[in-house]
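Here's the letter readout for the chains.
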2 protein chains.
Amino acid sequence: MTVEHEARGKKAMNTKTHQPREDVAAAKKTLSLSLDDLPDFVRGAAFMGTGGGGDPYVGRLVLINEMVNGGKLDIISLDDLADDAFVMPVAMMGAPTVMTEKMPSVAAFEAALSAAEEYFGRRVTALIPLEVGGINSVMPLVLGARLGLPVVDADGMGRAFPEIQMVTFGVYGCNISPIFITNEKGDLVTVKALNNKDGEDLARSVVVRMGGAAHIVCYPMSGRDVKKTAIADTLTLALTIGRTIRLAREQSIDPVQSLFDHLANQPVPRPTRILFDGKIIDVRRETKGGFNIGRIIMEEIGQSGCRCEVEFQNENLIARRDGAVIAMVPDLITIIDRETAEPLTTESLKYGQRVKVIGLGVPDIMRSPEALATFGPGAFNLNEEYIPLELLA
Amino acid sequence: MTVEHEARGKKAMNTKTHQPREDVAAAKKTLSLSLDDLPDFVRGAAFMGTGGGGDPYVGRLVLINEMVNGGKLDIISLDDLADDAFVMPVAMMGAPTVMTEKMPSVAAFEAALSAAEEYFGRRVTALIPLEVGGINSVMPLVLGARLGLPVVDADGMGRAFPEIQMVTFGVYGCNISPIFITNEKGDLVTVKALNNKDGEDLARSVVVRMGGAAHIVCYPMSGRDVKKTAIADTLTLALTIGRTIRLAREQSIDPVQSLFDHLANQPVPRPTRILFDGKIIDVRRETKGGFNIGRIIMEEIGQSGCRCEVEFQNENLIARRDGAVIAMVPDLITIIDRETAEPLTTESLKYGQRVKVIGLGVPDIMRSPEALATFGPGAFNLNEEYIPLELLA
């Protein structure tokens, strides 16, 4: 299913210097991102990150730095990806709480990618985000700009999830291994796991030892594999979500309503709900085992006393209103600022913030039995059976 | 300093089937070990393991199994090792408490060794123990017998130490990386660390995730490297220590005195001391972070009330008599049964056991400033300055 076996045995080319690769950069661009678009893009990515995926501000800074230094973004659609392309996802793995203090290192990503290329004896011809989120939808763009590699407008989650086996790539048969893990010091660990969950477990232990966040390259895939397993157009969706929120603000109209209209107008309309409207009265959060784990409790504005509780493991997993489930993974649960609709990551939530909790249903590819086995409620040790958002709220 | 750079770039041969390799097995044998010798050998290895290195009974069972199935041992002296040999140490890494329940897997060692050979594009031509101890001096013999590979009569510690950077190979310039780590399920993790302590830390996190014990192959070396850095003749020493204890028992003479006579008659005589004679009144032990950590408190037989405390991290680290230090790493501190002189591993110690605590000084190669920086008291966060056993007791 992956390119691993095809690629093995061919010996490594020189992987030391990366020059823009005009041959692979000739594909049709489908998404243009300028410096001015970045705030919208990372805002939308943070919305889709459902509380996880890292601080969008950090992601933006790293990408701005790359672009002002001459890096050119080249984002291609899934349709334009060649079947025989050699694609690898790149991501930060670890607790988002750590990633705001221990910044992603482009050199460390380059080292991981070089190790992958040396292992397969083959140049990577395109990158893809593992997930959409504040940092992890940006890092492939940073690396792509640095190396002259196109980035596919798609990802493996259509959102952010806490664990790296929780991707459609794996659900539909691609192998997580080898996973190349690097830190900013120059250590490199390669994991070849018997199955994708073992890969997550072993890589997580290494990431924890590396300080709680590290750089990974995994799921080696052919273009054909990616087309069969990825969630399409999610970078475009992130940009347009972020843009819709900003335009509504500028026009003094309700950003949530604008956003819902936008999501209803997608080629495949996405169900949306306002799950709760209130203020945060308690946040419990700890960085444990390479995750940011906890729960947020909100109370409705006014005298109703109605409460909402959201549990998270990096990302928001389940929302309950007075004890009754109103949304759960894999559907998106995103907490936004009540006035500006700015999405809030779990590590930034504070007592007293006035927020809305937004629910967004996922595409069908993420609701199949195989998909739910990998990132449905049971995968997070939640006892609830999955019920789609639109049937719950 | 290591063979890594010479060997890189040559491509892997078929490493799937291992046949006895007559070409490398032609070297002069210096140590003959029969099935009848095994109890003596593992007893002596456990003595040198200073409480660690794993249960000698487990080690013996695995080796007996290999030998009755036709495995032939071929143990060569350091002098007979070719300069251009490609030597790798193999060892179990983790908590000895775990290794008595999670048995070493020969297949997992083979997988780690195959990964190393594929990485270097070169067959390993000899094995060497990383340390001397109940399990870890035996596993290279088991693997050597299985694969038809000679095992060098030497090791990197002249005893057992808890961490894999604590070897003379590293002290005198050899690189721990890459470390190939496998479990019995088929997972493989490769660590390429910036320095040897990073290698230990990253490998340890993987071993903990693998259940607290795993199989490693590391420190790729040339024969030349091994000759420059290894402690010579330690397998022979283990056999003769074990034999001396047994013969003394059979002749009803004091095994400790016999042992001390034997150690004084080595080519380089080794200082020895009876550090304490008493019974165990308390054992504190926990399996934590991939180690078996704790302390033993003993009281002198009779009415003196004099006490001895030994702290351990897998291996015994420091012995104090009524608070005064009487021996410390890297000198060997071994607890033996008071009557039979059978060496006791830290995981087998119990309340009420009557024991003697024996001190054995290490060779000069292990007392240099570089060596003490790597495995002296400071390396274990002990505040004491190293003072040789013979100047303390």
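Numbers given to residues run from 1 along each chain, matching the order in which its sequence is written. Starting at A for chains and at 1 for ligands, labels are handed out in the order in which the entities are written. Predicted model: local features are reported for residues with pLDDT of at least 70 only, side-chain atom pairs are reported and counted for 80 or more only, and whole-chain, interface and lining totals are derived from all residues. Working from all heavy atoms in the structure, the side-chain values ignore hydrogens and water.

Glancing now at the overall build of chain A. Secondary structure follows DSSP: runs of H or I at least 4 residues long count as helices, runs of E at least 2 residues long count as strands, and numbering of each begins at the N terminus. Scanning chain A from N- to C-terminus turns up 13 helices and 18 strands. For chain A, the C-alpha radius of gyration of 20 Å lies close to 21 Å, the compact-globule estimate for 393 residues. Considering only C-alpha atoms, chain A reaches an extent of 70 × 45 × 35 Å along its principal axes. Radius of gyration: C-alpha atoms only; globule rule: 2.2 Å multiplied by the number of residues to the exponent 0.38.

Residue and element names in this part refer to chain A. Taken across its seven residues, strand β15 (residues 315–321) has six buried, putting it largely inside the fold. One requirement defines pairing of two strands: DSSP has to find at least two bridges between them. Looking at chain direction, strand β14 (residues 307–313) and β15 are connected through six bridges and run antiparallel. Along β15, the bridge assignment pairs Phe312 with Asn316. Turn length for the β14-β15 hairpin, with the two strands adjacent in sequence and antiparallel, is one residue, and the turn residue Asn314 shows positive phi of about 60 degrees. As paired elements, β15 and strand β16 (residues 324–328) share four bridges and run antiparallel to each other. Residue pairing across strands places Arg321 opposite Ala324, the latter belonging to β16. What sits between the antiparallel neighbours β15 and β16 is a turn of two residues, in which Asp322 has the positive phi angle 45 degrees. To sort residues, take the accessible area from a 1.4 Å probe on protein chains only and compare it with the maximum for the residue type: under 20% means buried, over 50% means exposed, and anything in between is partly exposed.

Residue and element names in this part refer to chain B. Overall, antiparallel pairing links the seven strands, which are arranged β16-β15-β14-β13-β12-β18-β17 in an open sheet. The sheet is open, and its two borders are formed by β16 (324–328) and β17 (332–337), each paired with just one other strand. Sheet twist, expressed as the average angle between the axes of neighbouring strands with direction ignored, equals 35 degrees. As defined by bridge partners, strand β12 (residues 272–288) adjoins strand β18 (residues 354–360) across seven bridges and the pair is classed as antiparallel. Within β18, the position partnered with Asp277 by the bridge is Lys356. The contact rule is simple, with two residues in contact once any of their heavy atoms fall within 4.5 Å. An axis is simply a line fitted to the C-alpha atoms; with a helix, the fit covers only the stretch in contact. Between two such axes, the angle follows the N-to-C directions and lies from 0 to 180 degrees. Across the sheet, helix α2 (residues 38–48) is in contact with β17 and β18; its angle to β17 comes to roughly 130 degrees. Running over the sheet, helix α11 (residues 255–264) touches β12, β17 and β18 and is turned about 100 degrees from β12.

Our focus in this paragraph is the relation of the copies chain B and chain A. When chain B is fitted to chain A, the residual RMSD is 0.0 Å, and the transformation amounts to a turn of 180 degrees plus an axial shift of 0.0 Å. When the rotation and shift are considered jointly, the pair of chain copies conforms to a two-fold rotation axis. Considering only C-alpha atoms, the residue of chain B closest to the rotation axis is Thr190(B), which sits at 2.4 Å. With an isologous cut-off of 70% or more, the 100% of interface residues of chain B that recur at the interface of chain A puts this contact in the isologous class. Only residues with pLDDT of at least 70 in both copies contribute their C-alpha atoms to the least-squares superposition of the copies.

A separate point is the interface of chain B and chain A. The partner chain A presents 21 residues to the 21 residues of chain B that form the contact. By definition, the buried area sums, over both parts, the 1.4 Å-probe accessible area that each loses when the two are put together. Taking both sides of the interface into account, the surface hidden between chain B and chain A amounts to around 1,900 Å²; carbon and sulfur atoms contribute 52%. The largest share of the area that chain B buries against chain A comes from Asp187(B), Leu202(B) and Arg209(B), three residues that together contribute 26% of it. Here, a salt bridge means any side-chain nitrogen of Lys or Arg that lies within 4 Å of a carboxyl oxygen of Asp or Glu. Close ionic contact of Asp198(A) with Lys185(B) constitutes a salt bridge, the shortest N to O distance being 2.8 Å. Counting residues per element, the ones that place at least two in the side of chain B that touches chain A are β8 (188–192) and α8 (196–209) of chain B.

In this section: the packing of aromatic side chains. Describing an aromatic ring pair means giving the distance of the ring centres and the angle of the ring planes. Residue and element names in this part refer to chain A. Paired rings are identified among Phe, Tyr and Trp, the last through its six-membered ring, by centres lying within 6.5 Å, and are further divided according to the angle between planes into stacked (under 30 degrees), edge-to-face (over 60) and tilted (the rest). Counting across every chain of the model gives 12 aromatic pairs over all chains. A ring pair is formed by Phe86 and Phe120, whose centres lie 5.2 Å apart and whose planes are at 80 degrees; its orientation type is edge-to-face. Of this pair, Phe86 sits in strand β3 (residues 86–94) while Phe120 sits in helix α5 (residues 106–120), and the two are 34 residues apart along the sequence. Of the two residues, Phe86 and Phe120, both sit in the buried class. Put simply, the rings of Phe86, Tyr119, Phe120 and Phe180 pair up and form one aromatic cluster.

Attention now moves to the pairing of β17(B). Residue and element names in this part refer to chain B. Within β17, five of the six residues are buried, which leaves it mostly tucked inside the rest of the structure. Two strands pair when backbone bridges link them, and β17 and β18 are joined in this way by six bridges, in the antiparallel orientation. Its bridge partner lying in β18, Ile333 is registered against Gly359.

Next up on the list: the packing of α2(B) against helix α3 (residues 56–68) of chain B. The geometry of a pair of packed helices is captured by two quantities: the angle between their axes and the separation between those axes. Residue and element names in this part refer to chain B. With their axes 10 Å apart at the nearest point, α2 and α3 run at an angle of 145 degrees to one another. Crossing angle aside, the handedness with which α2 passes α3 is right-handed. On α3, the residues that touch Leu38, Pro39, Val42 and Ala46 of α2 are Pro56, Arg60, Leu63, Ile64 and Met67. Amino acids outside the nonpolar list (Ala, Val, Leu, Ile, Met, Phe, Trp, Tyr, Cys, Pro) and the charged list (Asp, Glu, Lys, Arg) are all regarded as polar, and Gly is one of them. The class makeup of the residues in the contact of α2 with α3 is eight nonpolar, no polar and one charged. Take the far helix as your reference; a near helix turned counterclockwise from it by less than a right angle gives a left-handed crossing, and one turned clockwise gives a right-handed crossing.

In the structure shown here, the tally under the stated rule is 55 salt bridges over all chains. A cluster of three or more residues bridged by salt bridges with shared partners is formed by Asp40(A), Arg43(A), Arg246(A), Arg249(A), Glu250(A) and Glu342(A).

Here we take up unusual backbone geometry. Residues and elements named next belong to chain A. Of the consecutive residues Ser177 and Pro178, the connecting peptide bond is found in the cis state with omega at -5 degrees. With respect to the secondary-structure elements, Pro178 resides in the loop between α7 (168–171) and β7 (179–182). Backbone geometry at Tyr219 places phi at a positive 45 degrees, although glycine is not the residue there. Tracing the backbone shows Tyr219 in the loop between β9 (213–217) and β10 (221–222). Backbone geometry places Ser252, a non-glycine residue, at a positive phi of 55 degrees.

The next thing to look at is the sheet that holds β15(A). Residue and element names in this part refer to chain A. As summarised here, the arrangement of the seven strands in space is β16-β15-β14-β13-β12-β18-β17, forming an open sheet in which the pairing is antiparallel. Looking along the sheet, the strands with just one partner apiece sit at the ends: β16 and β17 (332–337). Here the strands of the sheet are splayed against their neighbours by 35 degrees on average, with no regard to which way each runs. Bridging between strand β13 (residues 291–300) and β14 involves seven bridges; their strand directions are antiparallel. Among the inter-strand pairings, Met298 is bridged to a residue of β14, identified as Cys308. Packing of helix α11 (residues 255–264) onto the sheet brings it into contact with β12 (272–288), β17 and β18 (354–360), and relative to β12 it is tilted by some 100 degrees.

All names here are of chain A. By this rule the span expected of a helix is its residue count minus one, scaled by 1.5 Å. Here helix α3 (residues 56–68) spans 18 Å end to end across 13 residues, near enough to the 18 Å set by a 1.5 Å rise per residue. Next to the buried residues of α3 lie α2 (38–48), α4 (96–99), α5 and α6 (139–147). Where α3 begins, one side-chain oxygen reaches toward the backbone nitrogen of Tyr57, 2.8 Å away; that side chain belongs to Asp55. Phi turns positive one or two residues past the end of α3, at Gly70, with a value near 100 degrees. Any N or O atom pair separated by 3.5 Å or less is treated as a polar contact, with the protein-specific requirement of one donor-capable and one acceptor-capable atom, and with residues adjacent in sequence counted only for side-chain atom pairs.

Detailed conclusions should not be drawn from predicted coordinates in areas where pLDDT is low. All names here are of chain A. What pLDDT conveys is the predictor's confidence in a given residue, as a value from 0 to 100. Across chain A, the average pLDDT comes to 90, with 92% of residues at or above 70. Counting interchain partners and residues more than four positions distant, the pLDDT-below-50 stretch residues 1–27 has 62 contacts. Taken together, the chains of this predicted complex give a pTM of 0.86 and an interface ipTM of 0.82.

Moving on, we get to the side chain of His262(B). Here His262(B) lies in helix α11. The residues touching His262(B), leaving out its near neighbours within four places in the chain, are Leu237(B), Thr240(B), Ile241(B) and Thr244(B).

Before going further, it helps to spend a moment on the nonpolar core. Remark: nonpolar core denotes a set of buried residues (Ala, Val, Leu, Ile, Met, Phe, Trp, Tyr, Cys) joined through side-chain atoms within 4.5 Å. Membership of the largest hydrophobic core comes to 222 residues, with the highest contact counts inside it found for Ile181(A) and Ile181(B). Among all residues touching Ile181(A), those that are not within four sequence positions of it are Asp187(A), Leu188(A), Val189(A), Val191(A), Ala203(A), Val206(A), Val207(A), Met210(A), Ala214(A), His215(A) and Ile216(A).

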